[in-house]
Amino acid sequence: MYKKLTYSGKECNNYLYFAFDAEHFDTEEITKKLNIQPTSVSINKIPTPKSTSWKYKIEAGNEIDLKKYLIQLIDIFEPKAEIIKDLKIKLNLATRIQFVIDIDINPDSSVPYFGLNTRVINFLAATQSEIDFDIYKSDTIGILKNE
């Protein structure tokens, strides 16, 4: 059953982040060059393959307008696009904007929304960044309480 992958619980907790990913790299170099503290760093040595990730996350909670949070992320990283490109080449990194979205199964609730305007698309193109979406169900009305 896919419940563990698709069910997030009883509350909506939307967020998005910008990440640098590779098998292994010096996360401190990213922090120093960007002059931005990551909200999380993960270094997985086991299991193989190894993976390292530097992330800057913006919490949206149960807000449904995710566009304003996306713009906040772009405001932070857009001025650093050249540094990002240089770091990607030097350290052989991939970059992405990740959306993590909870959809409330309550039929009276609105679903989150966002847009990828020209500014966002230009940033993604300039930094050769991917965009990814993880979408989960959230049960704020208790239909799935026995699962």
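Per chain, residues are indexed from 1 in the order of the written sequence. Predicted model: local features are reported for residues with pLDDT of at least 70 only, side-chain atom pairs are reported and counted for 80 or more only, and whole-chain, interface and lining totals are derived from all residues. Heavy atoms throughout the structure, all of them, feed into the side-chain values; hydrogens and water do not.

Undergrad: When you look at helix H4 (residues 81-91) in this model, what are you seeing that I'm missing?
TA: Side chains three or four residues apart in an α-helix point the same way, a direct result of the helix having 3.6 residues per turn. Using a 1.4 Å probe on the protein chains alone, a residue whose accessible area is under 20% of its type maximum counts as buried, one over 50% counts as exposed, and one in between counts as partly exposed. Where helices and strands are cited, they refer to DSSP runs of H or I of at least four residues and of E of at least two residues respectively, numbered from the N terminus. Inspection of H4 places Ala81, Ile84, Leu87, Lys88 and Leu91 among the buried residues, and these make up the whole buried set. Projected onto a plane normal to the axis of H4, the buried residues spread over an arc of 120° and lie on a single side. Projecting away from the buried face of H4 at angles above 90 degrees are the exposed residues Glu82, Ile89 and Lys90. Buried positions along H4 lie against strand S2 (14-22), helix H2 (27-34), helix H3 (67-77), strand S5 (94-104) and helix H5 (118-127). Asn92 sits one or two residues past H4 and shows a positive phi near 55°. The directions considered for the arc are those from the helix axis to the C-beta atoms. Here, residues are in contact when the closest pair of their heavy atoms is within 4.5 Å.

Undergrad: Would you take a moment to explain the side chain of Lys88 for this structure?
TA: By the secondary structure assignment, Lys88 is in helix H4. Here Thr95 takes part through its side chain, which lies 3.0 Å from a polar atom of the side chain of Lys88. If near-sequence neighbours (up to four positions away) are discounted, Lys88 is found in contact with Leu93, Ala94, Thr95, Thr127, Gln128 and Ser129. In protein, a polar contact requires one atom able to donate a hydrogen and another able to accept it; more generally it is a pair of N or O atoms within 3.5 Å, and residues adjacent in sequence count only if both atoms are side-chain atoms.

Undergrad: Looking at this structure, how should I read the packing of aromatic side chains?
TA: Geometry of an aromatic ring pair is reported as the spacing of the ring centres plus the angle between the planes. Side-chain rings of Phe, Tyr and Trp, where Trp is taken by its six-membered ring, are said to pair if the distance between their centres is within 6.5 Å; with planes under 30 degrees apart they count as stacked, over 60 as edge-to-face, and otherwise as tilted. Applying the stated criterion to the full structure yields ten aromatic pairs. Taking 4.5 Å as the distance between ring centres and 25° as the angle between the ring planes, the aromatic pair formed by Phe99 and Phe114 counts as stacked. Separated by 15 residues along the polypeptide, Phe99 in strand S5 and Phe114 in the loop between S5 and H5 bring together distant segments of the chain. Through successive ring pairs, a cluster of aromatic residues spans Phe18, Phe20, Trp54, Tyr56, Phe77 and Phe123.

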